[in-house]
Amino acid sequence: MWELIDVIIRLLLSPPVFAPLIYPGLVTVLIILVSLIWLGRKIAAKVQLRYGPYYIAKRLGGAPQLIADAIRFMFQEVIVPRTADKIPYLLAPALAMTLGLVPVVFIPVAPGFAGIVTSYSLPLALALSSLLPITVILMAWSANNKFTIQGGVREAFMVIAYEIPLFVAALSMGLAYGTLSLEEIVEKQVLVPGAVLNPLAAFVFYVSMLMSAGKLPFDIVEGEQEIVAGPFTEYSGILYGLVMGASYAQLYVLSMIFTEVFLAGWHPFIGSLGALYLPLGGLALFVKAYLVLAFSVFLRSVYGRYRLDYALRIGWERLFPLSVLALFLSLGLRVVGVV
Amino acid sequence: MAIATGLKYLVASKRMTVHYPEYVIELGPRYRGMIRWHKDKCISCSLCARICPASAIKMYRKPGEKKAYPGINYQRCIFCGFCVDICPADALEHTRTHDVAFETLEEHLYVVEEFDKDWVSPALLEGAKKVKVEFDEERGLVHVAGD
Amino acid sequence: MSWRDEKLVVDWRKVAKAPGGEEIYELFIGPQHPASGHMRFIVRLEGDIIVDVEPDIGYVHRTMEKLAEGREYIKNIPLFERATIIDSNNITLGYVRALEKLLDVEPPPRARYLRTILSEINRIQSHLYGIGIAGIMLNHSTVFMWAFGDREIWMQLAEELTGARLTHTYSIPGGVRRDLPDGFEERFEKAARYMLRRLEDYGKIFLYNPMIRSRYEGVGVLKKHEAERLGAVGPNLRASGVRYDARLLGDYGAYSELEFEVPVQEEGDSFARMVQRVEEIKVSIEIIRQALKKMPDGPILAEKYLKLLPPKLRERVLKTGRVKFPAIFANLRPPPGETVARVEMARGEVFYHIVSDGSPKPYRVRIVTPSFRNLVLLRLLPREHRFMDLLAIYGSLDYFPPESDR
């Protein structure tokens, strides 16, 4: 009987179950969603000379606000318009959340500790995360509403603009280190983080990350002022909660990749904490990714929204040439023998 | 640089929010708050009813009495203060309360004797603390503890 | 046989034809929209380019001109104040000036200076409101919160002067209702220094932010001859290079005795309009400083009405600074005739025309508000621009629907 429990615990703590379920998987995503949106609101409130969420738990500063919001979403009526295409309308938000979370299985948090250990984790994770815009367009088209179609068209435009610089920047780092596996990329950054080695690629990846997740100044897809809520106009209740969470999930996945490729991943605590229990060594990774996320959310209080054609122009005229330059920089570093 | 300004405001907080209803702003002596009528000073000239732009003050006469006295309907009152400014006997005055809430429509009407009452803010009745507003060059408005 | 089976008597496709071909995409940015104000835009898009914008106004129409015919003259002052409540002294001042011309009474000098001070405070408040709304239309929530938070300072100053934060009802025919409280000058100095410092922060985070500049520069250009032909007023006109300001006409307030420079920008695009508003705030602060320094002593209500009060009340008015209306105010009867008056509000020039026939209620009051005159710009400027420029232009024009609909 006790052997059974021992087997279950060993199963739970093994990489293929622990990673997708607890860290960096579902439980972590839940923690990030609940705390990051609250943090974003508090940061924006502090810059804007006011208090953010406050009354829900005065001593905690309103921290359970997101839990209250989630409970409210559960009880809200889910309205399905009569003219909407019902099956895609109801499926697309769940699909969005799922596709936003699937790349998590490829991201290692400690040497050898990932959901699926493969030596091509970088392009696989990025490729899976680029499937999410299709669900957004599906949402927009199935809701059968002029505003949502406008939002869907904007999403289609933006996807083509940011995916290419994102991939080229990430792959240029792969080129610099000579490997496409996230584990080995982190192992090679013991002395010098990737951002110092190739700052161009870091910048391009970061801006493309913001464009991909739809954070200000690029929240054109859910542009609240002009097209109500873009593709998400008709959603209410739990479906709305899902789509709002999907964009944060995508931001989380991309910022984990950013931290591992450019900010030296789980160093420097891997030796000490890693000896205890391997994922604990990934604590530094979590903290760094959280700081990157906090900065991305902070940008909300500083910027307005770009016009669509201006954002596309940034993608094509600035980011794409910079990413090609980053590629050449990596090539040069490799040839010279720095790396 | 915009990001630098944002970070500066993130670090140094200069909020001027008042946590109502734990704190209540003590209003100045010239504030145009709820109206109070003094029956002993009124001479029943009915100028207040004649000048009220929203027809909130009307004159009421009890059957058998000679003089008519004013009553006010707070649903209509816009707190412009014309009645206070025109009363030749100083029977009307502004109190320094503004945040009274009514629960039924009938509570809005205050006729003759009921009009002669002083108003206290319900937040103060429940134990709020008073703060006073002061101007400050760094933060705009600061709220210091009142009396 | 239900209504679905009947044949169409009228072919709606022929009736409701509008300019454009098959690719025209019609969007109703209706009143129930996060950023449309109290009005509707019927936008016709071809791809992303706007072909035609039709503003659909009238959602806040309160029939003020008709209501004014049923009330006595003094009761119309709070009525017209609610047309533009954020700018209240300026819009009532036009009515009061026209009434004073009919009644043939002149306010004393101190009252004129006090009116000027409150007018300028209202102008600053209204421009901050305009900057905030322009910011939120670009989803820049920081400048929105900052602008509305900084309005608190000016509302506090106005409250100390008049007794109410927003609905001042300060000017009456013959003068004003309250005098300056003690210590007003020091508090104003602190507020002015704070505001000037904050305007620099506004510049850094909003106006000269390269991202916001890219959305405003070159968008919605209003050329000088176009502005004059279309009849634009206010900062929109002055940002296109025309130096016209009703304050310079000099027949109300104390502007003829104060020295100030009306700012003018040359380019006429949205960026120039935003910069124009910021410059006007600075000029307003200067005007208030001068007015506070040069303030003459004296009564705050005209002699013609003060002598109607009994002597004890008259002395109290002169001493405490709270005016008492003479009983004639409830029953003002101007002689038959008609007058006009023009006042420069924050958004432009407001025009009043009062026709009286000797009774206590006016025969006709006509008010032309500045937003109503700027409405034609909303129709013509966004053409040939992209869809997202519509809101940028709307924010920069500072169009206020309740004022336009009265």
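Since we're looking at a predicted model, the values are computed, not measured.

Colleague: Any chance you could explain the overall build of chain A here in plain terms?
Modeller: Along its length, chain A carries 15 helices and zero strands. Its C-alpha radius of gyration of 21 Å places chain A within 12% of the 20 Å reference for a compact globule of 339 residues. For chain A, the spread of C-alpha atoms along the three principal axes comes to 60 × 60 × 45 Å.

Colleague: It is not clear to me how the overall build of chain B should be interpreted in this structure. Could you clarify?
Modeller: When helices and strands are counted, chain B shows four helices and eight strands. Beginning at the N terminus, the succession of helices and strands in chain B can be written as α-β-β-α-β-β-α-β-β-α-β-β. Its C-alpha atoms give chain B a radius of gyration of 21 Å, more than 25% over the compact-globule value 15 Å for 147 residues. Its C-alpha atoms put chain B at 75 × 30 × 30 Å along the principal axes. Residue burial in chain B is summarised as follows: out of 147 residues, 29% are buried. The contacts in chain B between residues at least 6 apart in sequence include a share of 65% that link residues at least 24 apart.

Colleague: Would you mind showing me how to read the environment of Leu166 of chain A here?
Modeller: Residue and element names in this part refer to chain A. Tracing the backbone through its elements, the reader meets Leu166 in helix 8 (residues 146–177). By C-beta crowding, Leu166 is classed as buried, having 24 other C-beta atoms within 10 Å. A sequence separation of 45 residues divides Leu166 from Met211, and the C-alpha atoms of the two residues are 9.8 Å apart. Once you skip the residues sitting within four places of it in the chain, Leu166 turns out to touch Leu126, Phe205, Ser208 and Ser212.

Colleague: Help me understand the confidence of the model for chain B in this model?
Modeller: As a general rule, the predicted coordinates of low-pLDDT regions are not to be interpreted in detail. Residue and element names in this part refer to chain B. Taken residue by residue, chain B gives an average pLDDT of 81. The fraction at 70 or more is 96%. Here helix 1 (residues 2–11) stands out as the element of chain B with the lowest mean pLDDT, 72, in contrast to helix 3 (residues 82–86), whose mean of 88 is the highest. Interface confidence for the predicted complex, expressed as ipTM, amounts to 0.85; the pTM equals 0.88.

Colleague: How should the sheet that holds strand 8 (residues 364–368) of chain C be read in this particular structure?
Modeller: Either a parallel or an antiparallel arrangement is found when strands of a sheet pair, and the pairing is made through backbone hydrogen bonds. Residue and element names in this part refer to chain C. Within the open sheet, the three strands sit side by side as 6-7-8. Their pairing is antiparallel. The sheet is open, and its two borders are formed by strand 6 (337–345) and strand 8, each paired with just one other strand. Geometrically, the sheet is characterised by an average inter-axis angle of 10° between neighbouring strands, direction not taken into account. Sheet topology note: the strand 7 (residues 348–356)/strand 8 ladder contains five bridges and is antiparallel. Counted as the bridge partner of His353 is Arg366 from strand 8. Against the sheet, helix 4 (residues 88–103) contacts strand 6 and strand 7, and its axis sits at roughly 150° relative to strand 6. Each of strand 6, strand 7 and strand 8 touches helix 14 (residues 370–380); the most contacted strand, strand 7, lies at about 125° to it.

Colleague: Explanation requested: the interface of chain A and chain B in the structure shown.
Modeller: Interfaces are frequently sized by the accessible area removed from exposure as the parts join. Contacts between the two partners involve ten residues from chain A, matched on the other side by ten residues from chain B. Residues of the side of chain A that touches chain B, tallied by class, amount to seven nonpolar, one polar and two charged.

Colleague: Whenever I open this one, the interface of chain C and chain B confuses me. Can you help?
Modeller: Counting residues at the interface gives 34 residues for chain C and 25 residues for chain B. Broken down by secondary-structure element, the contributors of at least two residues to the side of chain C that touches chain B are helix 3 (76–81), helix 6 (141–162) and helix 7 (184–207) of chain C. Broken down by element, the side of chain C that touches chain B gets its largest block of residues, eight residues, from helix 7 of chain C. Considering only residue class, the side of chain C that touches chain B consists of 14 nonpolar, six polar and 14 charged.

Colleague: Whenever I open this one, helix 1 (residues 2–13) of chain A confuses me. Can you help?
Modeller: In an α-helix, one turn spans 3.6 residues, which is why side chains three or four residues apart end up on the same side. Spanning twelve residues, helix 1 of chain A covers 16 Å between terminal C-alpha atoms, matching the ideal 16 Å at 1.5 Å per step. Of all twelve residues making up helix 1 of chain A, only zero are buried, and the element is barely covered by its neighbours.

Colleague: Explain the sheet that holds strand 3 (residues 49–56) of chain C to me, please; I cannot follow it from the model alone.
Modeller: All names here are of chain C. Spatial ordering of the open sheet is given by 1-2-3, a layout of three strands whose pairing is antiparallel. Taken across any chain shown, the strands that pair with only one partner, and hence form the sheet edges, are strand 1 (24–29) and strand 3. Within the sheet, the average angular offset between the axes of one strand and its neighbour, ignoring direction, is 20°. Here strand 1 runs beside strand 2 (residues 40–46); their pairing, made up of six bridges, is antiparallel. Along strand 2, the bridge assignment pairs Glu26 with Arg44.

Colleague: Can you walk me through unusual backbone geometry in this structure?
Modeller: Across the chain, the bulk of peptide bonds are trans and the bulk of non-glycine residues have phi less than zero. Located in the positive-phi region is Phe79 of chain B, a residue other than glycine, with phi close to 55°. Along the polypeptide, Phe79 of chain B turns up in the loop between strand 4 (69–73) and helix 3. Residue Phe79 of chain B is classed as buried on the basis of its C-beta count, with 20 C-beta atoms lying within 10 Å. In this structure, Asn139 of chain C is a non-glycine residue whose phi angle is positive, near 65°.

Colleague: What should I look at first to understand the packing of helix 7 of chain C against helix 11 (residues 270–293) of chain C in this one?
Modeller: To characterise two packed helices, one gives the angle between the axes of the helices and the distance between these axes. Residue and element names in this part refer to chain C. Where helix 7 meets helix 11, the closest approach of the two axes is 11 Å, and the angle between their N-to-C directions is 170°. As the angle between them shows, helix 7 and helix 11 are arranged roughly antiparallel. With respect to the hand of their crossing, helix 7 and helix 11 are arranged in left-handed fashion. In contact with Glu185, Phe188, Ala192, Met195, Leu196, Leu199 and Leu207 of helix 7, helix 11 contributes Met274, Val275, Val278, Ile281, Ile285, Ile288, Arg289 and Leu292. Taken together, the residues that form the contact of helix 7 with helix 11 break down as 13 nonpolar, no polar and two charged.

Colleague: Explain the pairing of strand 7 (residues 129–136) of chain B to me, please; I cannot follow it from the model alone.
Modeller: Strand residues, when the strand is regular, have side chains that alternate between the two faces of the sheet. All names here are of chain B. Pairing geometry for strand 1 (residues 23–25) and strand 7, over three bridges, is parallel. Pairing of Val24 across the sheet is with Lys130, part of strand 7. In this antiparallel pair of consecutive strands, strand 7 and strand 8 (residues 140–145), the connection spans three residues.

Colleague: What exactly am I supposed to notice about the nonpolar core here?
Modeller: For soluble globular proteins, the rule of thumb is that nonpolar side chains tend to be buried together. Judged by nonpolar contacts, the single largest core of 240 residues is most densely connected at Ala96 and Phe205 of chain A together with Ile51, Cys83 and Ile86 of chain B. Of the residues forming this core, the biggest block, 16 residues, is contributed by helix 12 (residues 238–262) of chain A. There are two domains that each give this core at least three residues, and those are domain 1 (12–56) and domain 2 (64–405) of chain C. Once you skip the residues sitting within four places of it in the chain, Ile51 of chain B turns out to touch Phe82, Cys83 and Ile86 of chain B together with Ile74, Phe329 and Ala330 of chain C.

Colleague: Teacher, can you tell me more about the environment of Phe400 of chain C here?
Modeller: Residue and element names in this part refer to chain C. Tracing the chain through its elements places Phe400 in the loop between helix 15 (387–397) and helix 16 (401–405). Linking Phe400 and Pro382, residues 18 residues apart in sequence, is a C-alpha distance of 17 Å. Discounting chain neighbours no more than four positions away, the residues touching Phe400 are Thr84, Arg347 and Ser371.

Colleague: It is not clear to me how helix 6 (residues 121–129) of chain A should be interpreted in this structure. Could you clarify?
Modeller: For helix 6 of chain A, the set of buried residues is Ser121, Leu122, Leu124, Ala125 and Ser129 of chain A. Contact partners of the buried residues in helix 6 of chain A: helix 7 (132–143), helix 8, helix 9 (182–187) and helix 12 of chain A.

Colleague: Please explain the packing of helix 11 (residues 199–213) of chain A against helix 15 (residues 308–336) of chain A as it appears in this structure.
Modeller: Residues and elements named next belong to chain A. Look at helix 11 against helix 15: their axes get within 9 Å of each other, and the N-to-C directions meet at 150°. Compared by their axis directions, helix 11 and helix 15 come out roughly antiparallel. Here helix 11 runs over helix 15; the crossing is left-handed. Residues Leu200, Ala201, Val204, Val207, Ser208 and Met211 of helix 11 touch helix 15, and the partners they reach there are Ala311, Gly315, Leu319, Leu322, Ser323, Leu325, Ala326 and Leu329. Partitioned by chemical class, the residues of the contact of helix 11 with helix 15 number eleven nonpolar, three polar and no charged.

Reading guide: rules and limits
- Each chain has its residues counted from 1, running along the sequence as written.
- Whichever chain is written first becomes A and whichever ligand is written first becomes 1, with later ones labelled in order.
- This being a predicted model, a pLDDT of at least 70 is required before a residue's local features are given, and a value of 80 or more before pairs of side-chain atoms are given or counted; all residues contribute to the totals for chains, interfaces and linings.
- Elements are defined by DSSP. Helices are runs of H or I of four residues or more, strands are runs of E of two residues or more, and each kind is numbered from the N terminus.
- The globule rule used here is 2.2 Å times the number of residues to the 0.38 power, and the radius of gyration it is set against is calculated over C-alpha atoms.
- We call a residue exposed when 12 or fewer other C-beta atoms sit within 10 Å of its C-beta, buried when the count reaches 20 or more, and partly exposed for counts in between; the C-beta positions come from the backbone.
- Whether two residues are in contact is decided by their C-beta atoms, placed from the backbone, lying within 7 Å.
- The pLDDT score gives, residue by residue, the confidence of the prediction method on a 0 to 100 scale.
- A pair of strands is treated as paired once DSSP finds two or more bridges between them.
- Here the axes come from fitting lines to C-alpha atoms, over the contacting stretch only for helices, and the angles between their N-to-C directions go from 0 to 180 degrees.
- Put simply, Ala, Val, Leu, Ile, Met, Phe, Trp, Tyr, Cys and Pro go in the nonpolar bin, Asp, Glu, Lys and Arg in the charged bin, and everything else, Gly too, in the polar bin.
- Multiplying 1.5 Å by the helix residue count minus one yields the expected span of that helix.
- The scheme is simple: roughly parallel for angles under 35 degrees, roughly antiparallel for over 145, roughly perpendicular for 65 to 115, oblique for anything else.
- Each crossing is labelled by how the near helix is turned from the far one, with a counterclockwise turn of less than a right angle marking it left-handed and a clockwise turn marking it right-handed.
- For the purposes of this analysis, a nonpolar core is taken to be any set of buried Ala, Val, Leu, Ile, Met, Phe, Trp, Tyr and Cys residues that are connected through C-beta atoms within 7 Å.
- Domain start and end points were adopted from an automatic or database domain assignment.

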